[in-house]
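Inside the fold
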Amino acid sequence: MDRKETTAGLARLEGYLMSQTALQEAATAGETFARCFSWLGPHEQDEIARRFADHHLALRKQMLRAAIDRAHELRGEYGHRYAVLRRRTVAVALGAVVAVTAAAVGMSITVLR
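Only a predicted model underlies this, so the values are computations on that prediction, with no experimental measurement involved. (Residues numbered from 1 in each chain as written. Predicted model: local features only at pLDDT ≥ 70, side-chain atom pairs only at ≥ 80, totals over all residues. Heavy atoms only, no water.)

**Focus: a nonpolar patch on the surface**
On the surface, a cluster of nonpolar side chains totalling about 410 Å² of accessible area is made up of Leu 10, Leu 13, Tyr 16 and Leu 17. Relative to the assigned elements, Leu 13 resides in helix α1 (residues 3-35). (Patch = residues over 30% accessible without salt bridge, like charges linked within 9 Å, V, L, I, M, F, W, Y side chains within 5 Å. Areas by Shrake-Rupley, 256 points an atom, 1.4 Å probe, with all protein chains shown as cover. Salt bridge = Lys/Arg side-chain N within 4 Å of Asp/Glu carboxyl O. Helix = DSSP H or I, 4+ residues; strand = E, 2+ residues; numbered from the N terminus.)

**Examining the pattern of salt bridges**
Taken as a whole and judged by the stated rule, the model has seven salt bridges. Here Arg 50 and Glu 47 are joined by a salt bridge, their closest N and O atoms 2.7 Å apart. Taken together, the positions of Arg 50 and Glu 47, both in helix α2 (residues 42-112) and three residues apart, correspond to about one turn of that helix. With relative accessibility at 29%, the residue Glu 47 sits in the partly exposed group. The shortest N-O distance in the salt bridge between Arg 81 and Glu 77 comes to 3.0 Å. Note that Arg 81 and Glu 77 are positioned in helix α2 at a spacing of four residues, about one turn of the helix. (Buried < 20%, exposed > 50% of the residue type's maximum accessible area, 1.4 Å probe, protein only.)

Function-wise, these values are silent; they only describe arrangement.
Structure (structure tokens):
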């Protein structure tokens, strides 16, 4: 197994573990919420707990999607800024090389005269 496959496998495992944690947290939150309605029967409490957990997961997915979208926006924005900065840095470096070369040539011409 090469490094790329190992990295991909670990990413899948991490994703699975995170999804299982989210499912467990949603179920726990749903059960906690449903217990507040002590006058309901067990079946009604189970239904409320399930619906709450579903809603909890839907909100979590929505927040995750928004974070991913924002990360993509930032990647593009900072990628563009980096490209501009890199071009400026290369231009300044080339300008410095040209200036030093011109100065060196000017000094050597002066010395030869």
